[in-house]
Amino acid sequence: MTRYLMSTAAMLAVSASAALAEGETIGFSQIGSESGWRAAETTLTRTRAEERGYQLQFSDAQQRQENQIAAIRSFVAQGVDAILLAPVVATGWDSVLEEAKEAEIPVVLLDRQVDSAEDLYLTAIGSNLVHEGEVAGEWLAGEVGERDCRIVELQGTTGSSPAIDRKAGFEAAIKDHANLEIVRSQTGDFTRALGKEVMESFLQAENGGKDICALYAHNDDMAVGAIQAIKEAGLKPGEDILVVSIDGVPDIFQAMANGEANATVELTPDMAGPAFDALEAYWADGTMPEKFIQTESRLYTQADDPAGEYERRKGLGY
Ligand code: AHR
């Protein structure tokens, strides 16, 4: 397994790569714009394509798999040189990936996984999503120590690999801690608005929030929405209810600097850099990349200069 250890800090130091394949056309089927992280990934993909002189055909699927399938078919019909796919859910891709393979167009998966056979795509760029959930769970177990902790969980998009894997990783990390229990778990679809709405229902069902010790959100945007709900319920997020989430977007660092969130696990939005490196090697001499190119997952807490991290991230595609 290749590890592409590019932290957000390292991204600052990256200069434009030599345009080895200038003029290539890349089709990019993006999920939508459900989160700040997603918007940053879109911006950075456009930037990386421009740096390398590629023509990027961008398609926003607005969270719908059928739109992604239609976009891929259109890319195949146009005869693009490669396709980037951020798959909204994990299943249902076999036929369209076979069509791309038949047309000899390499497909690179970005940030989410599919259940299809590995020979249907060139490589997948992403983090270890199970590990992200484990890191969040281990942090929480360490933070609460021996005291009892009733946890509420905001899941990502149903059927998506990060929702499945982040849940599994977190559960594995807390399973030997009898004092930690997930008492409510529901999807917030990775959005701020639904994160707030679902958290309001959790608070109502849990004695106005007084019976909740911690929130685990599968992304920062849902956590930010939930923080608002906790404040409106008259409680202090970060103190009365601990908040741990995943992504590392600027707004969660601001919340951490304000004492309203406690920890986040960073996911780099720069998936396009390693994707284009893999494609260029493949185009040059047929080099086959590893099937999974892993990005770094780092835990940040309130002790890690969240105000500084907020400032640093503002220019990085967010
Ligand atoms: O697939 C990555 C996830 O998708 C991010 O964590 C989330 O913010 C986005 O919607």
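Residues numbered from 1 in each chain as written. Predicted model: local features only at pLDDT ≥ 70, side-chain atom pairs only at ≥ 80, totals over all residues. Heavy atoms only, no water.

A. Structural view of the overall build of the protein. Assigned secondary structure in the protein consists of eleven helices and 13 strands. A compact globule built from 318 residues should have a C-alpha radius of gyration of about 20 Å, and the protein, at 20 Å, falls within 12% of that. Structurally, the protein occupies a C-alpha span of about 60 × 40 × 35 Å along its principal axes. Considering only contacts within the protein whose residues lie at least 6 apart along the sequence, 76% involve residues at least 24 apart. Total accessible area computed for the protein in this model is approximately 12600 Å², and 45% of it derives from carbon and sulfur atoms. (Helix = DSSP H or I, 4+ residues; strand = E, 2+ residues; numbered from the N terminus. Rg over C-alpha atoms; globule rule 2.2 N^0.38 Å. Contact = heavy atoms within 4.5 Å. Areas by Shrake-Rupley, 256 points an atom, 1.4 Å probe, with all protein chains shown as cover.)

B. Spotlight on the nonpolar core. Judged by nonpolar contacts, the single largest core of 27 residues is most densely connected at L154, M199, L203, L215 and I241. Put simply, the parts of the chain that give this core at least two residues each are β7 (149-155), α7 (192-205), β9 (214-217), α8 (220-232) and α9 (250-257). Core analysis: the second largest hydrophobic core is formed by 24 residues, I26, A82, V88 and L267 among them. (Core = buried A, V, L, I, M, F, W, Y, C linked by side-chain atoms within 4.5 Å. Buried < 20%, exposed > 50% of the residue type's maximum accessible area, 1.4 Å probe, protein only.)

C. Representation of the side chain of T123. Inspection of the secondary structure puts T123 in strand β6 (residues 123-126). Take T123: its relative accessible area is 0%, and that puts it in the buried class. Beyond its immediate stretch of four places on either side in the chain, T123 contacts V107, V108, L109, A278, P289, E290, K291, F292 and I293.

D. Looking closely at the sheet that holds strand β8 (residues 180-187). Within the open sheet, the six strands sit side by side as β8-β7-β9-β10-β11-β13. Their pairing is mixed. Looking at the sheet topology across the chains shown, the edges are occupied by β8 and β13 (297-301). Across the sheet, the mean angle from the axis of one strand to that of its neighbour is 15°, orientation sign disregarded. (Pairing = 2+ DSSP bridges. Axes fitted to C-alpha atoms, helices over the stretch in contact; angles between N-to-C directions.)

E. Here's a closer look at the domain arrangement of the protein. As far as domains go, the protein holds domain 1 (2-127 + 268-287) and domain 2 (129-267 + 301-314). At the interface, 17 residues of domain 1 touch 19 residues of domain 2. The interface formed by domain 1 and domain 2 includes zero salt bridges. The tally of links between domain 1 and domain 2 comes to six residue pairs in polar contact (both at pLDDT 80 or more). At the level of elements, α1 (8-13) and α2 (36-51) are the ones that each hand at least two residues to the side of domain 1 that touches domain 2. Among the elements that line the side of domain 1 that touches domain 2, the one with the most residues is α1, at three residues. (Domains from an automatic or database assignment. Salt bridge = Lys/Arg side-chain N within 4 Å of Asp/Glu carboxyl O. Polar contact = N/O pair within 3.5 Å; in protein donor to acceptor, adjacent residues only side chain to side chain.)

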